[in-house]
Amino acid sequence: MTTIGILGTGDMGHAIGRVLGAGGARVITCLAGRGRLSAERASAAGIEAVLDDAALVSQADIFLSVLPPGEALGLARRITSAAGAAGRTLLYADCNAVSPGTAQAVGETIASSGSRFVDVGIIGGPPKPGVHGATTLYASGPHATEFGELRELGLDITVMNGPVGQASGLKMCYASLTKGLNAIGAELLVAAERLGLSAALRIEFESSQPDLLRWVTRGVPGTPHKAYRWVAEMQEIAATFAEVGLTPRIFEGAAELYDAMSRTPAAQEATEAGHPTRELPALLEALAATMRSEDPAGALSAAARP
């Protein structure tokens with residue numbers, strides 16, 4: 001039986017673990033330093049908790065890092081240290097929403113311990129056992145084909161013919177549209193609420209932009225409880241664009257928007273409940289009353305004034 005280690009067991013991680021377990025793998029995690037909700041999700045998904053990193057790397061054949069992107073490099077260093085102390089090598093898959101540059105840095109860290117690294121970009125929501133086509137794990141790098149063997153356990157995996165950074169780059173470009181557009185939608189709806197224009201704007205959107213209206217009204221209510229995770233992802237997208245000589249400022253602004261949203265009472269309510277708790281009109285009213293940027297004037301806006 002293949003033993004697969006996963007850190008962490010949030011929305012995506014525990015769902016991947018559930019699929020792998022249903023496919024016949026033994027799935028393990030270490031819950032040290034993780035919250036109550038992570039422990040509950042791991043248990044519900046049939047993921048076995050081990051004592052510490054040493055136990056994790058000693059027992060796992062394959063390791064999946066599925067965390068908020070700001071934690072990717074730190075976890076790679078942790079696992080590298082534990083694997084070195086245990087005299088173990090692993091197939092290490094970084095499944096986080098990071099820039100190609102960050103993916104390469106993580107890969108270099110993993111390779112320093114003799115382990116094999118795979119760059120993985122996830123597109124889609126948390127997968128479910130037996131359901132195909134909704135979530136794809138893109139894998140790149142010299143060991144991507146080995147990671148692709150997890151298809152036999154139920155994951156939808158596309159092996160890319162490219163180096164480390166290709167899978168992450170694809171994820172960054174995709175998320176720049178989906179989560180970037182969601183940020184624009186959330187901010188414009190809050191602005192309209194503060195201006196007393198919500199009803200008038202909705203009428204105009206229904207007439208001239210019905211597809212966009214459906215997008216934002218479907219996506220924005222689920223945003224507050226995920227906003228804290230998307231701050232670092234927007235920063236990684238900004239870094240990706242900077243790496244190819246484009247402005248990072250659009251997504252630095254999106255990161256600021258998500259950070260402001262993550263600190264509202266509406267976000268805390270939804271986080272505790274694990275799902276959105278308010279319908280869109282009530283949510284916009286709450287966000288308009290409480291969401292504040294650290295720099296309301298905005299350095300870029302000030303610089304643009306005549």
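Above: the structure in question.
Throughout, residues of each chain are indexed from 1 in the direction in which the sequence is written. Per-residue local features are limited, in this predicted model, to residues with pLDDT of at least 70; the limit for side-chain atom pairs, both in listing and counting, is 80 or more; totals at the level of whole chains, interfaces and linings are taken over all residues. Only hydrogens and water are removed before side-chain values are computed, so all heavy atoms of the structure are retained for them.

## Description of the overall build of the protein
Now for step 1: Broken down by element type, the protein carries 14 helices and eight strands.
Now for step 2: Principal-axis analysis of the C-alpha atoms places the extent of the protein at approximately 60 × 40 × 35 Å.
Now for step 3: Out of the 306 residues in the protein, the part that is buried amounts to 47%.
Now for step 4: Note on definitions: a residue-residue contact is assigned when non-hydrogen atoms from the two residues lie within 4.5 Å. Pairs at least 24 apart in sequence give 66% of the contacts found in the protein among residues at least 6 apart.
Now for step 5: Here, Shrake-Rupley sampling with a 1.4 Å probe gives the accessible areas, and only protein chains in the shown set may cover a residue. Within the structure as shown, the protein displays about 14,200 Å² of accessible surface, and the carbon and sulfur contribution to it stands at 55%.
Now for step 6: Positive and negative side-chain charges in the protein, numbering 24 and 31 respectively, have mean positions lying 2 Å apart. Secondary structure counts use DSSP, requiring at least four H or I residues in a row for a helix and at least two E residues in a row for a strand, with both numbered from the N terminus. Exposed residues in this analysis have more than 50% of their type's maximum accessible area, buried residues have under 20%, and partly exposed residues fall in between, with area computed by a 1.4 Å probe over protein chains only. By the counting rule applied here, Lys and Arg register as positive and Asp and Glu as negative, while His and the ends of each chain are not counted. The atom standing in for a charge is NZ when the residue is Lys, CZ when it is Arg, CG when it is Asp and CD when it is Glu.

## Section: the sheet that holds strand β4 (residues 62–65)
Strand pairs in the sheet, formed through backbone hydrogen bonds, run parallel or antiparallel to each other.
Now for step 1: Each pair of strands is called paired provided DSSP finds at least two bridges between the two strands. Pairing is mixed across the open sheet formed by eight strands, whose spatial order is β3-β2-β1-β4-β5-β6-β7-β8. Across the chains shown, the open sheet's two edge strands, defined by having one partner strand only, are β3 (48–50) and β8 (157–159). Each strand axis lies, on average, 30° off the axis of its neighbour in the sheet, ignoring direction.
Now for step 2: Here four bridges tie strand β5 (residues 91–94) to strand β6 (residues 116–124), and the two strands are oriented parallel to one another. From the neighbouring strand, Leu91 faces β6, where its bridge partner is Arg116.
Now for step 3: Working convention: axes come from line fits to C-alpha atoms, limited for helices to the stretch in contact. Angles between N-to-C directions cover 0 to 180 degrees. Of the strands in this sheet, β5 and β6 touch helix α5 (residues 100–111), which is tilted by about 145° from β6.

## Focus on the packing of aromatic side chains
Now for step 1: Working definition: rings of Phe, Tyr and Trp (its six-membered ring) pair if their centres are within 6.5 Å, and the pair is stacked with planes under 30 degrees apart, edge-to-face with planes over 60 apart, and tilted otherwise. With the rule as written, the count across this model stands at four aromatic pairs.
Now for step 2: Relative to Tyr258, the ring of Trp230 has its centre 5.3 Å away and its plane inclined at 75°; by these criteria the two rings are edge-to-face. Residue Trp230 is located in helix α10 (residues 227–243), and its partner Tyr258 is located in helix α11 (residues 249–262); the two are separated by 28 residues in the primary sequence.
Now for step 3: Taking relative accessible area as the criterion, Trp230 reaches 10% and is therefore assigned buried.
Now for step 4: Seen from their ring centres, Phe241 and Phe251 are 5.0 Å apart, and the 55° between their planes marks the pair as tilted. One end of the pair, Phe241, is in helix α10; the other, Phe251, is in helix α11, with ten residues separating them in the sequence.

## Overview of the layout of surface pockets
Now for step 1: Points on a 1 Å grid, built from protein atoms alone, make a cavity when a 1.4 Å probe fits but cannot get out and make a pocket when they are open with protein on both sides within 12 Å along at least 5 of 7 lines; residues with an atom within 4 Å of a point are the lining residues. Grid points are joined across faces, edges and corners, and a volume is the space filled by probe spheres set on the points. Of the volumes computed, that of the largest pocket is approximately 1,400 Å³.
Now for step 2: Lining the largest pocket are 48 residues, with Asp11, Lys179, Lys226, Arg229 and Trp230 positioned closest to its centre.
Now for step 3: Contributions of two or more residues to the lining of the largest pocket are made by α1 (11–22), α2 (36–44), β6, α7 (166–194), α9 (210–219), α10 and α12 (265–273).
Now for step 4: Three categories are distinguished: nonpolar for Ala, Val, Leu, Ile, Met, Phe, Trp, Tyr, Cys and Pro, charged for Asp, Glu, Lys and Arg, and polar for the others, with Gly belonging to the last. Grouping the amino acids of the lining of the largest pocket by side-chain chemistry returns 18 nonpolar, 18 polar and twelve charged.

## With respect to the pattern of salt bridges
Now for step 1: Basic side-chain nitrogens of Lys or Arg form a salt bridge, by our definition, when they fall within 4 Å of a carboxyl oxygen of Asp or Glu. Under the defined criterion, the tally for this structure stands at eleven salt bridges.
Now for step 2: Here Glu48 ties to Arg26 by a salt bridge, and the two come within 3.0 Å at their closest N and O atoms. With a gap of 22 residues between them, Glu48 in strand β3 and Arg26 in strand β2 (residues 26–30) connect regions that are remote in the sequence.
Now for step 3: Salt bridges sharing partners connect three or more residues here, namely Asp11, Arg41 and Arg229.

## Some thoughts on the pairing of β5
Now for step 1: Side chains Leu91 and Ala93 project from β5 onto one buried face, and the interleaved Tyr92 and Asp94 project onto a second face that is buried too.
Now for step 2: Of the pairings in the sheet, the one linking β4 to β5 comprises four bridges and is parallel in character. Residue Leu64 lies in a different strand from β5, and its bridge partner there is Ala93.
Now for step 3: We call a crossover right-handed when, viewed with the strands running away from us, the connection from the first strand over the helix to the second turns clockwise. Read from β4 through helix α4 (residues 72–86) to β5, the crossover connection turns out right-handed.
Now for step 4: Considered for its hand, the β-α-β crossover made up of β5, α5 and β6 is right-handed.

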